[in-house]
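Results of the structural survey
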Amino acid sequence: MKTEIKFLQGIKAKPALIAGLIGAGIPLSWLSFIILTKEELFKTWMLIPLTIIPTGGIFGGLFFYLMGFVWFTTKGKKLAAIVFSVIIYFITIWVSAVLAFSITGHWD
């Protein structure tokens, strides 16, 4: 007897991996640019946000892929899903930044 999980049906590994990498690459490139332009201010505690924030980007990118290209494929629903998932992407980036900076003690 084969049990299938309906909401995971139709996921392809390569596009999901690409979505996760793009989701992680956006905040990682932004944070790297900030650190590279001000090298004299770089400290070791900055490595924690450099790992946690792109991890949040991975989850946001995967959610974007699932919402827009797997779960909702009709035109009207797809537009609403993409708009909603972009909002969720930025929320995951924000929450992961809050988590990273609270771990390092730099979030007041």
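For the structure itself, look to the data block above.
Our subject in this report is the structure included herewith. Keep in mind it's a predicted model, so treat the numbers as computed, not measured.

This brings us to the packing of helix 2 (residues 47–71) against helix 3 (residues 75–104). With their axes 8 Å apart at the nearest point, helix 2 and helix 3 run at an angle of 165° to one another. Classified by the angle between their axes, helix 2 and helix 3 sit roughly antiparallel to one another. For the element pair helix 2 and helix 3, the recorded crossing hand is right-handed. Considering only residue class, the contact of helix 2 with helix 3 consists of 20 nonpolar, 9 polar and 1 charged.

Turning next to the environment of G20. Positionally, G20 belongs in helix 1 (residues 13–37). Overall, G20 belongs to the buried group, its relative accessible area being 6%. Sequence spacing of G20 and F64 is 44 residues, and the spatial spacing of their C-alpha atoms is 9.1 Å. Ignoring any residue separated from it by four or fewer positions in sequence, one finds G20 in contact with G57, I58 and L62.

Bringing the side chain of S96 into the picture now. Counting through the fold element by element, S96 comes out in helix 3. For S96, a relative accessible area of 6% translates into the label buried. Non-local contacts of S96, meaning those with residues more than four positions away in its chain, are made with I52, I53 and G56.

Another point: the side chain of T104. When you line up the elements, T104 lands in helix 3. A polar contact of 3.1 Å, which involves the side chain of T104, links it to the backbone oxygen of F101. In this structure, T104 is in contact with W45, I48 and P49, ignoring residues within four places of it in sequence.

Definitions and cut-offs
- Residues numbered from 1 in each chain as written.
- Predicted model: local features only at pLDDT ≥ 70, side-chain atom pairs only at ≥ 80, totals over all residues.
- Heavy atoms only, no water.
- Axes fitted to C-alpha atoms, helices over the stretch in contact; angles between N-to-C directions.
- Helix = DSSP H or I, 4+ residues; strand = E, 2+ residues; numbered from the N terminus.
- Parallel < 35°, antiparallel > 145°, perpendicular 65-115°, else oblique.
- Left-handed = near helix turned anticlockwise from the far one by under 90°.
- Nonpolar A, V, L, I, M, F, W, Y, C, P; charged D, E, K, R; others polar.
- Buried < 20%, exposed > 50% of the residue type's maximum accessible area, 1.4 Å probe, protein only.
- Contact = heavy atoms within 4.5 Å.
- Polar contact = N/O pair within 3.5 Å; in protein donor to acceptor, adjacent residues only side chain to side chain.

Such coordinate-based values are descriptive only and should not be taken to indicate function.
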